[in-house]
Amino acid sequence: MKEKEQEVSFKGLFYPFTSVKAICWITIIGLVVYFFGLFNGFVWDDQPQITENPVIQSLQNFPSFFLGGTFYSGTSQPTGFSYKPLLNVFFAVNYFLGGGNAFPFHFFQIVLYIANVAILFLVLKKFFNKKFSFILSLIFMIHPINSESAYYISASQEVLFFFFGISALFIIQNYQTVRAFVLMSMLLFASILSKETGFLFILITFFYVLFYEKKYWKWMLISTVSVSTAYVVLRYFVFSHLVNSASYAPIQNANFFIRLINVPLIIFFYVKTFFLPVDLAMSYQWLYKSIDLSHFFIPLLTDIIFFGVIIGAGTYLYKKNIASYKDYLFFLVWFVSGLSIHLQIFPLDQTVADRWFYFPIVGLLGLIGIIVQRIKLKHGNFLLISLLTVIFLALGLRTFLRGFDWKDDLTAVTHDIKISKDSYNLEGELGYIYLKEGKYKEAKIHAEKSVFLSPNTPSYINIGVADIHMGDYKGANDALLKSLKYGDSFISYDSLGALYVMYGNPEKNMTFMKKAVEKYPYDWKLWMYFAELEYNFGNKELAKKYIGYAYSLNGNDLVTSLYKAMMNNQKITIGKKN
């Protein structure tokens, strides 16, 4: 009797299979797969965007979150190529909650990631039955190509824009009122403010209304125009007076024809990684400048076969089942639009990225789902369950193990650099890591490899700082001046300031520092170095004035000690402070 009760009780966890049970299982499986990711640290771009970004470290800077990009620029206005103010808000709130600890960042990112899967499940129910919607949603959640969007804090933009966008689609699927369209418009606007890719959800919601709720197309058109106009005006107002970050990615600096040569391989990368997600890395910077067999013709042939299957399946559905064909066409628009904006027609900051497939994978899963639904299997249940079990275990295990690669900066970079061997920024980041650890020779080796792959400001800075610590002041000066040729960074000026209190012609150095503080008047390091130069040159009253500026900007121990020494006319010790 007890065994029967246990059997009934266990069966009740699945049958009848309700939406509530599906969402519960999505939450449980998501937490199991991504659990250890909660305890990972900050990695790579998390530093310039969070740990080294004083702007997001105080909620009092809230207005500044909407006045620039997401990277600290040495001023109160963050810089960057993209306008993602809600990402700044997300970072600031998590920093406030955790005081600089990575846990709340990971926690809320994974919570949002799982919430996206739950909402996606509800959206897919309009196209598939509950069980099939659950299966597709589960694949979306545990697929390794999406794991970067759950593990990498700087990829929070993906889960944010998707959360608002998929919520907008859910609203319009279930409610067709004026209030619903207003709420949908607000969600779409929030999606774009999280990441520009949110525009894709405007396209998808528009096509959904056009395909399934045609009588509301005018409302949708008003919403689309209003949201797009509001964003364009806001972005223009913000970015018209800002200087964007320098471009270092080889693909970003290539001409249109060269970028076009790489399109077949880019498509092949995403298709291959979807079906065989073995080798994963956070940065891919490959660029091929000529047409050859392995990097153009073979990928092109594979792409033609892949899209040939998609078109063939669509043609079959058009002839056999017009209702399924409409659904198929909707997901085809989803997949193609999401893939298209990442094909380097408009140059991006790396060649491909796992996280960029987070949107288009839904379209591809929808296409596959519609095709599979039409297949009649003689032993359908057993065969399908067996196949799905193998797929889920393989995908889940790969994603689970990928989480350990994101443990910390060194672990992530040393792992991924083995996969993506020609990534200038992975080499540069490894150089930066070694620099912080005091391994200056190793730091310089990787920084030099980075600039060999693609000359860039951060790595020239790392070379210069490494040379300062190793006593090669001339080499440091050359490297730091080169860093300014490839991009204007306050860190270049800080590093040169640290160098010039020990090396070079004092008068020329002071002229340089005067220009530096005019450019970055709120940089306490520059005022401190300027004060040291003037003090040791004999201009003590001017030095006291400058150290006073530094003290008012940041009264840390170093500045305080120098301030007291100068005010008391004591001798100060020149040393390396970078």
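Refer to the preceding data block for the structure.
About the criteria used
- Residue positions are given per chain, counted from 1 along the sequence in the order it is written.
- For this predicted model, a pLDDT threshold of at least 70 governs which residues receive local features, and a threshold of 80 or more governs which side-chain atom pairs are given and counted, while totals over whole chains, interfaces and linings are taken from all residues.
- Derived side-chain values reflect all non-hydrogen atoms in the structure, with water molecules and hydrogen atoms excluded from consideration.
- Helix and strand assignments follow DSSP, with helices taken as H or I runs no shorter than four residues and strands as E runs no shorter than two, numbered in order from the N terminus.
- Values of the radius of gyration come from C-alpha atoms, whereas the globule rule sets the reference at 2.2 Å times the count of residues to the power 0.38.
- Exposure categories follow from relative accessible area, calculated using a 1.4 Å probe and restricted to protein chains: below 20% of the type maximum is buried, above 50% is exposed, and the middle band is partly exposed.
- We treat Lys and Arg as the positive residues and Asp and Glu as the negative residues; His and chain ends play no part in the count.
- One atom stands in for each charge, and that atom is NZ of Lys, CZ of Arg, CG of Asp or CD of Glu.
- To define a nonpolar core, start from buried Ala, Val, Leu, Ile, Met, Phe, Trp, Tyr and Cys residues and group those joined through side-chain atoms within 4.5 Å.
- Throughout, a residue-residue contact means that at least one pair of heavy atoms, one from each residue, lies within 4.5 Å.
- Multiplying one less than the number of residues by 1.5 Å gives the expected span of a helix.
- In summary, the pairing rule links any two rings of Phe, Tyr or Trp, Trp by its six-membered ring, whose centres are within 6.5 Å, and it sorts them by plane angle into stacked for under 30 degrees, edge-to-face for over 60 and tilted for everything else.
- Under the rule applied, a polar contact is a pair of N or O atoms within 3.5 Å (in protein, one hydrogen donor and one hydrogen acceptor; residues adjacent in sequence only if both atoms are side-chain atoms).
- By salt bridge we mean one thing: a side-chain nitrogen of Lys or Arg within 4 Å of a carboxyl oxygen of Asp or Glu.

Participant: What am I meant to see in the overall build of the chain here?
Facilitator: A count of helices and strands for the chain gives 28 helices and zero strands. For a compact globule of 578 residues, the expected C-alpha radius of gyration is about 25 Å, and the chain comes in at 27 Å, within 12% of that figure. Overall, the C-alpha framework of the chain stretches about 90 × 60 × 55 Å when taken along its three principal axes. Buried residues in the chain amount to 52% of all 578 residues. The average position of the 50 basic charges and that of the 38 acidic charges among the side chains of the chain differ by 9 Å.

Participant: Just to check I follow, could you spell out the nonpolar core for this structure?
Facilitator: Note that soluble globular proteins tend to have their nonpolar side chains buried in a common cluster. Counting 166 residues, the largest nonpolar core has Phe-140, Met-141, Ile-166, Tyr-270, Trp-334 and Phe-357 as the members making the most contacts within it. With eleven residues, helix H5 (residues 103-124) is the largest single contributor of residues to this core. Sequence-distant contacts of Ile-166, that is, excluding residues within four places in its chain, are made with Asn-116, Ile-119, Leu-120, Val-123, Phe-201 and Trp-334. In terms of nonpolar packing, the next biggest core, distinct from the first, is built from nine residues, Tyr-248, Ile-251, Ile-261 and Tyr-424 among them.

Participant: Help me understand the environment of Ser-149, please; the structure alone is not making it clear to me.
Facilitator: Tracing the backbone shows Ser-149 in helix H7 (residues 148-151). The exposure class assigned to Ser-149 is buried, which follows from its relative accessible area of 0%. The sequence separation of Ser-149 and Leu-234 amounts to 85 residues, and the corresponding C-alpha distance is 27 Å. Those residues in contact with Ser-149 that lie beyond four places of it in its chain are Gln-109, Tyr-113, Ala-155, Glu-158, Val-159, Arg-355 and Tyr-358.

Participant: Even after reading the chapter, I still don't get helix H8 (residues 156-174), so can you show me in this structure?
Facilitator: Side chains three or four residues apart in an α-helix point the same way, a direct result of the helix having 3.6 residues per turn. The first and last C-alpha atoms of H8 sit 27 Å apart over 19 residues, in line with the 27 Å expected at 1.5 Å per residue. Among the 19 residues in H8, 16 count as buried, and that is most of the element.

Participant: Looking at this model, I keep getting lost on the packing of aromatic side chains. Mind explaining?
Facilitator: Between two aromatic rings, the relevant description is the distance of the centres plus the angle of the planes. Scanning the model with the defined rule gives 76 aromatic pairs in all. Ring centres 5.5 Å apart and planes at 25° place the aromatic pair Phe-140 and Phe-162 in the stacked group. Remark: Phe-162 occurs in helix H8 and Phe-140 occurs in helix H6 (residues 130-142); sequence separation between them is 22 residues. With respect to burial, Phe-140 and Phe-162 carry one shared label: buried. Arranged with centres 6.5 Å apart and planes meeting at 75°, the rings of Phe-161 and Phe-162 form a pair that is edge-to-face. Pair check on accessibility: Phe-161 and Phe-162 agree, each one buried.

Participant: How should the side chain of Thr-205 be read in this particular structure?
Facilitator: Secondary-structure assignment places Thr-205 in helix H10 (residues 199-212). Classification of Thr-205 as buried rests on a relative accessible area of 0%. Within the structure, the side chain of Thr-205 is placed 2.7 Å from the backbone oxygen of Phe-201, a separation counted as a polar contact. For Thr-205, the contacting residues outside a window of four places in its chain are Ala-168, Leu-169, Leu-188 and Met-220.

Participant: Please clarify how the pattern of salt bridges should be interpreted in this entry.
Facilitator: Any two side chains of opposite charge can pair, on the condition that their charged atoms come close. Enumeration over the complete set of coordinates arrives at eleven salt bridges. Arg-355 serves as the salt-bridge partner of Glu-148, at 2.3 Å between the closest nitrogen and oxygen. With Glu-148 in helix H7 and Arg-355 in the loop between helix H16 (322-340) and helix H17 (360-374), the pair connects residues that are 207 residues apart, well separated along the chain. Taking the relative accessible area as the measure of exposure, Arg-355 reaches 8% and is therefore buried. A salt bridge links Glu-196 to Arg-235, with the nearest nitrogen and oxygen atoms 3.0 Å apart. Taken as a pair, Glu-196 in the loop between helix H9 (178-194) and H10 and Arg-235 in helix H11 (residues 217-239) lie far apart in primary sequence, 39 residues in all. Each of Arg-402, Asp-405 and Asp-416 takes part in one network of salt bridges that share partners.

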